[in-house]
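Coordinates in review
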Amino acid sequence: MSQRQTVFSPKGPRTLFLASQPYFQWRGSPIRLGFDLMALRDNGYCVDFLTLPIGEDRPVEGVRILRAPNLFRAKKISIGPSPLKLAFDGLFLLEGLWLILRHRYAVIHGVEDCGILAWFLGRLCGAKVVFEKHSDAGSYKKGLLIRLYTGVERFVMRHADAVIGTGPGLVRQAEALGTGRPAFAISDIPSSLAEPDAEGTAAARAEMAQGPDEILATYVGSFATYQGIELLFSAIPLAVRAAPGLRFIIIGGSEAEIAAGRARFDAAGIGDRVSFIGKKPPDRLPCYLAASDILLSPRIQGLNTPLKLLDYLKVSRAIVATDHPANRQILDETTARLAAPEPRPFARAVAALAQDADARAALGARCRRLIDERYNFSIFREGLRTVYATVLGDRAAQPPASS
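1. Re the pattern of salt bridges
Applying the stated criterion across every chain yields a total of 20 salt bridges. A salt bridge links Arg58 to Glu56; its shortest N-O distance comes to 3.8 Å. Salt-bridge contacts for Arg264 lead to Glu230; the nearest nitrogen and oxygen are separated by 2.9 Å. In this pair, Arg264 is assigned in helix H8 (residues 255–267) and Glu230 in helix H7 (residues 229–242), connecting sequence segments 34 residues apart. Arg264 gets classed as partly exposed once you look at its relative accessible area, which sits at 32%.

2. A short note on the state of the cysteines
Should the sulfur atoms of two cysteines be covalently bonded, the bond is a disulfide. Summed over all chains, the structure comprises zero disulfides. Unpaired in terms of disulfides, Cys46 finds its nearest cysteine sulfur in Cys125, a separation of 14 Å. The thiol sulfur of Cys114 is not disulfide-bonded, and the nearest other cysteine sulfur, from Cys125, lies at 15 Å.

3. So, the nonpolar core
By size, the foremost hydrophobic cluster in this structure holds 64 residues, and its most contacted members are Phe17, Phe49, Leu313, Ile319 and Tyr388. If you tally residues by element for this core, the top one is helix H14 (residues 377–392), at seven residues. If we skip the residues at most four places from it in the chain, Tyr388 touches Thr15, Leu40, Tyr45, Val107, His109, Val130, Gly393 and Ala396. Of all hydrophobic cores here, the second largest spans 35 residues; its members include Leu231, Ile250, Ala339 and Val350.

4. Comments concerning the layout of surface pockets
Each pocket or cavity is described by its volume, and for the largest pocket that value is around 1300 Å³. Lining of the largest pocket is provided by 48 residues; of these, Arg27, Ile79, Ser222, Ala224 and Tyr226 occupy positions nearest its centre. Of all the secondary structure elements, the ones that give two or more residues to the lining of the largest pocket are helix H1 (28–42), helix H4 (144–159) and helix H10 (307–314). Tallying contributions element by element places H1 first for the lining of the largest pocket, with four residues. Of the voids in this model, the second largest pocket is the one considered here, and its volume is about 300 Å³. In terms of lining, the second largest pocket is formed by 18 residues, of which the most central are Leu86, Asp89, Asp113, Ile116 and Tyr149. Only helix H2 (83–102), helix H3 (115–125) and H4 provide two or more residues apiece to the lining of the second largest pocket. Here the lining of the second largest pocket gets six residues from one element, more than from any other, and that element is H4. The class makeup of the residues in the lining of the second largest pocket is ten nonpolar, three polar and five charged.

5. Brief notes about the side chain of Thr201
Relative to the helices and strands, Thr201 resides in helix H6 (residues 198–208). Residue classification places Thr201 among the buried residues on the basis of a relative accessible area of 16%. Among the polar contacts made by the side chain of Thr201, one reaches the main-chain carbonyl oxygen of Asp197 at a distance of 2.8 Å. Thr201 has contacts with Pro196, Cys287, Ala290 and Ala291, leaving out every residue within four places of it along the chain.

Definitions and limits used
Residues numbered from 1 in each chain as written. Predicted model: local features only at pLDDT ≥ 70, side-chain atom pairs only at ≥ 80, totals over all residues. Heavy atoms only, no water. Salt bridge = Lys/Arg side-chain N within 4 Å of Asp/Glu carboxyl O. Helix = DSSP H or I, 4+ residues; strand = E, 2+ residues; numbered from the N terminus. Buried < 20%, exposed > 50% of the residue type's maximum accessible area, 1.4 Å probe, protein only. Disulfide = S-S within 2.5 Å. Core = buried A, V, L, I, M, F, W, Y, C linked by side-chain atoms within 4.5 Å. Contact = heavy atoms within 4.5 Å. 1 Å grid on protein atoms, 1.4 Å probe; cavity = no way out; pocket = protein on both sides within 12 Å on 5 of 7 lines; lining within 4 Å. Points joined across faces, edges and corners; volume = space filled by probe spheres on them. Nonpolar A, V, L, I, M, F, W, Y, C, P; charged D, E, K, R; others polar. Polar contact = N/O pair within 3.5 Å; in protein donor to acceptor, adjacent residues only side chain to side chain.

This is how it looks when you write it as structure tokens:
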């Protein structure tokens, strides 16, 4: 059976939350899972969270965390559908069957590939089914497994009691099926509730900059193809030649990816203008972003909103982004320089902004307003409350007055 960690739980309706994501790990879906759990707890639900045996321990007060046994001795798992995830889903199914025999769940909430498990378990035990969609299957490399996954995902969207998408594009995919099932857009929020402080920001600037007058252009995220990492790496030599004071900072990547990136820029003769500083914990990330001058989103694929954009907006710094639907879900010309998704126009946009302090200040000043008005934990929590109230009706939990 799974490894269990028990803490105090609320007394409201019980939810089984399934996600075959590493918890916790520094990337979009695991970060969002933490906010899901906190929001459900704050809304009065008793949550059992079944997840992978991969990732650092990060307890959520009021939530019982259950980890599937690591029969496959896995140490990491790739983003998106994979044979390893499918194998873990089999273990999740067995664990889920055991759990529904022991507990009466009002809702079974499945994320991504766990949506089909949520549907099956929910129909067995009479629970309502919520399917949460984080990504667009079209952003993954085509193959038999992706075609199978896409078909299963469509089935779940047709039959779940409610669908949650992280952005309007994903919700439109559910609505296009014409089932009449309710679909809700609950946007991501910044990856940390922490705010940058002066001391931490100064320390981050000292770590990143190698000269007092450098302009720091920072990218945060994985090196996955859909993120546009190849576009960015192709644009960097063009940008540094056009703007002599420009330094690129890359936050993220594995050790092997970082080594390959360094070798690439060393070979191009600009290794001294690009700094790879690895992954930073979400609660420290705001200081690194606030210490930057320009923040970068070179996304080229997918419909899900890049989580990094919300972290960028939070610190009121100028943004350069590809003119892509994923970026356009949040950004427009008032909050970012939008460039065609090709290396040369992207490089020109970064270099031009590096040489225009007034333009950087004007763009950055408009960013924080979006966080305060649309993308914060209070709005996220209320969105999840609405979903559960819709599917449960009179049986929905009533959140404590203090929340």
